[in-house]
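Residue strings, one per chain:
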Amino acid sequence: MKKTWIIIQREYLTRVRKKSFIIMTILGPLLMAGLWIIPIYISTLGQGKKVVQVLDESGLFIDKFVSTENIRFVPVLLKLEEAKQAFLLSNDDALLYIPRTELSLPVTALLFSRSQPGIDLKAVIRDIMRRQAEALKLRAKGMDPEVMNSVKTRIILNSIKLADDGTEEKTSVEVSMALGLVGGFFIYFLIFLFGSQVMRGVIEEKANRIIEVIITSVKPFQLMAGKIIGVGLVGLTQFLIWVVFTGVLILGFQATQSDSIKNAPKHTPITTQKVMPPQQMQLVAEAEVEADKTLLEEAMEGIRQVNFPLVLSAFGFFFLGGYLLYAALFAAIGSAVESETDTQQFMLPVTVPLILSFILATYVINNPNSSLAIWFSIIPLTSPVVMMVRIPFGVPWWHLALSMFLLIVGFVFTTWLAARIYRTGILMYGKKVTWAELIRWFKYKV
Amino acid sequence: MAKNKSPSMSLISVKEVSKQYNGHKALDKVSLTVPEGTVFGLLGPNGAGKTTLIRIINRITAPDEGIVFFDGQPLSATHISQIGYLPEERGLYKKMKAGEQALYLARLKGLSHDEALRRLKSWFTRLQIQDWWNRKVEELSKGMQQKLQFVVTVVHKPRLLILDEPFSGFDPINTDLIKKEILRLKAEGTTVVLSTHDMGSVEELCDNIALINRARVILQGNVHEIKAGYSKNLFDVHTRNELSTQLLSSLNAQSFELLSSSTRNGHHIYTFEIGYGQSPNHLLQAILLYAEILEFYEKLPSMHDIFVSAVKQQPINYPA
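Calculation rules
Residues numbered from 1 in each chain as written. Chains lettered and ligands numbered in written order. Predicted model: local features only at pLDDT ≥ 70, side-chain atom pairs only at ≥ 80, totals over all residues. Heavy atoms only, no water. Contact = heavy atoms within 4.5 Å. Salt bridge = Lys/Arg side-chain N within 4 Å of Asp/Glu carboxyl O. Helix = DSSP H or I, 4+ residues; strand = E, 2+ residues; numbered from the N terminus. Pairing = 2+ DSSP bridges. Axes fitted to C-alpha atoms, helices over the stretch in contact; angles between N-to-C directions. Parallel < 35°, antiparallel > 145°, perpendicular 65-115°, else oblique. Nonpolar A, V, L, I, M, F, W, Y, C, P; charged D, E, K, R; others polar. pLDDT = per-residue confidence, 0-100. Phe/Tyr/Trp six-rings, centres within 6.5 Å; stacked < 30°, edge-to-face > 60°. Buried < 20%, exposed > 50% of the residue type's maximum accessible area, 1.4 Å probe, protein only. Lys NZ or Arg CZ within 6 Å of the ring centre and 35° of its normal. Right-handed = clockwise from strand over helix to strand, strands pointing away. Polar contact = N/O pair within 3.5 Å; in protein donor to acceptor, adjacent residues only side chain to side chain. Expected span 1.5 Å × (residues − 1). Arc of directions from axis to C-beta.

Enquirer: What is the right way to look at the interface of chain B and chain A in this model?
Expert: Frequently, the measure chosen for interface size is the accessible area that the parts lose on association. At the junction of the two partners, chain B supplies 24 residues and chain A supplies 27 residues. One can count 2 salt bridges joining chain B with chain A. Here R55(B) and E212(A) are joined by a salt bridge, their closest N and O atoms 3.1 Å apart. The element best represented in the side of chain B that touches chain A is helix α2 (residues 98-108) of chain B, accounting for 6 residues.

Written out as structure tokens, the structure reads:
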């Protein structure tokens, strides 16, 4: 046991001191926080007012281009060629040209700009033109656009999870989906990352023959266990640093940016009071308050409702369990080959369940309680990824308990299996190993 | 029990050990004894089964049949800490620092951190690699790596030292350094098993040998006794001046038959076979009056000759 501990220390310290580990540890949270922060940051950016010149030859749209907080529309009354030249001399952002058409409504316009116009700007212009064109068409058909507006309805669907004890909990499917997918992906990624580190470590020891020296000091199982645990602790360390560091970054960002988030522009609600009876109006008003929330705020609220202690501790468990399960198999593969290029034939069967579980993730996310999802979240080879995807949607406790129990049984089994191959494999040289050979090693009496 | 052992007691005793790999016999009823406090040469052509035997003694693998005794007890896990093994294929972690690595391997052998550090510092100094303590192994020359490997093999003061080709990769100076260390360890009571193809070092270092060929021991015993067994009463005389034909025919008459003669570096070298009823002293006496004698010795086959002859099952070719 003491020797295993010495091995764990070496495996851990040599890896933690590596430059690549330090870089990954710093870069990881920056990337993760970046995924979070950048969209928010961008939405607060680009608030600078844009100036768009509008040359409306048809004269049908110009009234509708009303300047907003962000975009100022300036009508121009020149010929197109002159307007273009004048635009080039000005500092304005874009020149919108709506040509006159003889018979139909103009539905094509040109937007000139020095640089690529933003998607937002194009969307705003298209929206204004579409509404006006629709209104004109309605009027042409003898319909009052006001009637049309009053019929327009926005449906707001809030999902509420009703627990057995009757408590209600607002859920955000989008947040659960995102969280499940991210959690599943990270488990998949980390198992691959650290599992292959174990494999490389075994190959290194075998290739440079230090194995012969070590194996006269410790039992093969001690060496294998020490390596798997050591690398696993590296993974756990990295994970914990990431969680803490990402948390700090996001909290720090929220603290500095909270004002701009609150002040994010809101849509002006379309009033529909006229046709509604009073009680309904109350409800609708509430709903519209909901609707008024920006997407960002909605997401934030959804995230606040996530049971983070459960998700994070489940992540820790399923990462560790899945890692131990696969790392033992990776160690066995490493022991059977002499260089990394020989690993292909053995890698495939081991990685298939892992890859399958990752492919399943996209299905599970849409059907988190289907029997397929339930089964694959209980079977040890796929459970780490699939269960992680399911957890944010809420999982019956016995699914979770059974899955965890089987995962423990699973990694004990793969470790036992791998150890039998490993102890023979690490001392085999100069032979191209086949599956039949592996099975023979498994049966060896040593 | 550990005290007062006579030098002839065996530390390792291999009894009827067989080992098979996929239908190929690596060892076939091999028996040998390694007396404590001696240097034992384990010889044999490539693929004869030496490495398998070494692995069995190291408990890396188990024999199919037979048993190995360590100090009179069946070999068990507790003996492993008393063995130091230098494998033929040297291996160290390339990216690890020399000192750190030596410390790691010493601790795996069961030494405490402080004890390992103290001993390693003194070994590093003795082998003149102390300046390399904080350098990565990959930055060390091959010779340095070999020294480092030697240090980690002996640092836990094993009673049994198994060295597989310990001199490969060493220049003559470092070879001498390691030979000196082997003899020093032997003088301190360490038993050494030396597996090598360098017959010169076998003659220099080994007390006993076992020659393995095709999974069997074909020759075993004390180096001097083995060589004496090949004695054919041949003696070489080196003289400054040439011997007269008159003298030679007179010697022939006294049953000192001249087999060959040659000249090398101003030495006149004569090989005589000493006939029945005669002795080397008489030969020396007979020549003494007529020539200045530079060297006189019995012509015995070298270990090299014995090795080749035994493996090829051919009579020894005595060089002229």
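Enquirer: Looking at this structure, I do not really get the sheet that holds strand β12 (residues 256-264) of chain B. What am I missing?
Expert: In a beta sheet, neighbouring strands are held together by backbone hydrogen bonds and run either parallel or antiparallel to one another. All names here are of chain B. Across the sheet, 4 strands lie side by side as β12-β13-β11-β14; this open sheet has antiparallel pairing. What marks the edges here is a single partner per strand, and that holds for β12 and β14 (293-298). Pairs of neighbouring strands in the sheet enclose a mean axial angle of 20 degrees, with direction left out of account. Sheet topology places strand β11 (residues 234-239) next to β14; 5 bridges connect them, and they run antiparallel. From the neighbouring strand, H238 faces β14, where its bridge partner is E295. Along the sheet, helix α8 (residues 245-253) makes contact with β12 and β13 (267-274), crossing β12 at roughly 145 degrees. Along the sheet, helix α9 (residues 280-288) makes contact with β11, β12, β13 and β14, crossing β14 at roughly 165 degrees.

Enquirer: Would you explain the packing of helix α11 (residues 308-336) of chain A against helix α14 (residues 383-390) of chain A in this entry?
Expert: Any two packed helices are characterised by how steeply their axes cross, that is the angle between the axes, and by the distance between the axes. All names here are of chain A. Relative to each other, α11 and α14 sit at 170 degrees, their axes nearing to 9 Å. Taken together, α11 and α14 sit at an angle that is classed as roughly antiparallel. Residues V311, A314, F315, F318 and G322 of α11 form the contact with α14, whose participating residues are S383, P384, M387 and M388. Across the contact of α11 with α14, the residue classes break down as 7 nonpolar, 2 polar and no charged.

Enquirer: Help me out: how do you make sense of the confidence of the model for chain B in this one?
Expert: In low-pLDDT regions, the fine details of the predicted coordinates are not to be read closely. All names here are of chain B. Averaged over every residue, the pLDDT of chain B is 88; residues scoring 70 or more account for 96%. Scored below 50 in pLDDT, residues 1-7 makes 7 contacts in the model with residues more than four places away or belonging to other chains. Complex prediction metrics read pTM 0.72 and ipTM 0.76.

Enquirer: Explain the packing of aromatic side chains here, please?
Expert: A ring pair, where both rings are aromatic, is described by two values, the distance of the centres and the angle of the planes. Under the definition given, this model contains 17 aromatic pairs over all chains. Judged by centre distance (6.4 Å) and plane angle (55 degrees), the rings of F192(A) and F330(A) are tilted. Of this pair, F192(A) sits in helix α6 (residues 173-207) while F330(A) sits in helix α11, and the two are 138 residues apart along the sequence. Summarising the aromatic geometry, the rings of F317(A) and F318(A) are spaced 5.4 Å apart at their centres and angled 85 degrees between planes, so their arrangement reads as edge-to-face. F318(A) gets classed as buried once you look at its relative accessible area, which sits at 0%. Members of the aromatic cluster, connected to one another through ring pairs, are F185(A), F186(A), Y188(A), F189(A), F192(A), F330(A) and F358(A). The cationic tip of R10(A) hangs over the ring face of Y104(B); the distance from NZ or CZ to the ring centre is 5.4 Å. Here the guanidinium or amino end of R126(B) rests over the ring plane of W123(B), the centre of that ring lying 4.3 Å away.

Enquirer: Whenever I open this one, the pairing of strand β7 (residues 160-164) of chain B confuses me. Can you help?
Expert: Across a regular strand the side chains alternate sides, sitting on one face of the sheet and then on the other. All names here are of chain B. Counting buried positions over the 5 residues of β7 gives 5, a clear majority of the element. Of the two faces of β7, the one carrying L160, I162 and D164 and the one carrying L161 and L163 are both buried. Here 4 bridges tie strand β6 (residues 83-86) to β7, and the two strands are oriented parallel to one another. In the sheet register, L86 faces β7, and the bridge partner there is L163. Where β7 and strand β8 (residues 191-195) come together, 5 bridges link them in parallel fashion. Paired with L160 across the two strands is T191, which belongs to β8. In the classification by handedness, the crossover that spans β7, the intervening helix α5 (residues 172-187) and the parallel β8 is right-handed.

Enquirer: So what exactly am I meant to see when it comes to unusual backbone geometry here?
Expert: Most peptide bonds are trans, and most residues other than glycine sit at a negative phi. Residue and element names in this part refer to chain B. Of note, the phi angle at R59 is positive, near 60 degrees, even though the residue is not glycine. Along the chain, R59 falls in the loop between α1 (50-57) and β4 (65-70). Note on R59: relative accessible area 40%, which makes it partly exposed. The backbone of S255 sits at a positive phi, close to 60 degrees, despite the residue not being glycine. In this fold, S255 is placed in the loop between α8 and β12. The partly exposed category is assigned to S255, whose relative accessible area is 31%.

Enquirer: Got a minute to help me understand the sheet that holds strand β2 (residues 24-35) of chain B in this structure?
Expert: Residues and elements named next belong to chain B. Across the sheet, which stays open at both edges, the 4 strands sit in the order β2-β1-β4-β5 with antiparallel pairing between neighbours. Looking at strand neighbours, the two that pair on one side only are β2 and β5 (73-74), the edges of this open sheet. The sheet contact formed by β4 and β5 spans 2 bridges and is antiparallel. Among the inter-strand pairings, F70 is bridged to a residue of β5, identified as Q73. Contacts between α1 and the sheet are confined to β1 (10-21), β2 and β4, with β1 contributing the most and set at about 120 degrees to the helix.

Enquirer: How should the side chain of S58(A) be read in this particular structure?
Expert: In this fold, S58(A) is placed in the loop between β1 (50-56) and β2 (71-75). Polar side-chain contacts of S58(A) include one of 2.6 Å to the side chain of D56(A).

Enquirer: What should I look at first to understand helix α3 (residues 113-126) of chain B in this one?
Expert: The α-helix winds at 3.6 residues per turn, so residues separated by three or four positions along the chain end up facing the same way. Residue and element names in this part refer to chain B. With 14 residues, α3 ought to run about 20 Å at 1.5 Å a step, and its terminal C-alpha atoms sit 20 Å apart, in line with that. For α3, the set of buried residues is A116, R119, L120, W123 and F124. Across the axial projection of α3, the buried residues extend over an arc of 135 degrees, all falling on one side. Away from its buried face by more than 90 degrees, α3 exposes D114 and R118. Directly beyond the C-terminal end of α3, a positive phi value near 55 degrees is found at Q128.

Enquirer: What's the story with the pattern of salt bridges in this structure? I'm lost.
Expert: Two side chains that carry opposite charge are able to pair once their charged atoms sit near each other. Per the counting criterion, the structure on display carries 28 salt bridges over all chains. For the salt bridge of R118(B) with E115(B), the shortest nitrogen-to-oxygen distance reads 3.0 Å. Of this pair, R118(B) and E115(B) both sit in helix α3, 3 residues apart, roughly one helical turn. Here E115(B) falls in the partly exposed class, since its relative accessible area comes to 24%. Here R240(B) ties to E292(B) by a salt bridge, and the two come within 3.6 Å at their closest N and O atoms. Of this pair, R240(B) sits in the loop between β11 and α8 while E292(B) sits in the loop between α9 and β14, and the two are 52 residues apart along the sequence. A relative accessible area of 46% places R240(B) in the partly exposed class. By relative accessible area, E292(B) is classed as partly exposed at 42%. Where salt bridges share partners, they join R10(A), E11(A), R15(A), E205(A) and K227(A) into one cluster.

Enquirer: Would you mind showing me how to read the packing of helix α4 (residues 142-154) of chain B against α5(B) here?
Expert: Residue and element names in this part refer to chain B. Taken N-terminus to C-terminus, the directions of α4 and α5 make an angle of 10 degrees; their axes are 12 Å apart at the nearest point. The angle between the axes of α4 and α5 places the two elements in the roughly parallel class. Of the residues in α5, those in contact with K147, F150 and V154 of α4 are N174, L177, I178, E181, I182 and L185.

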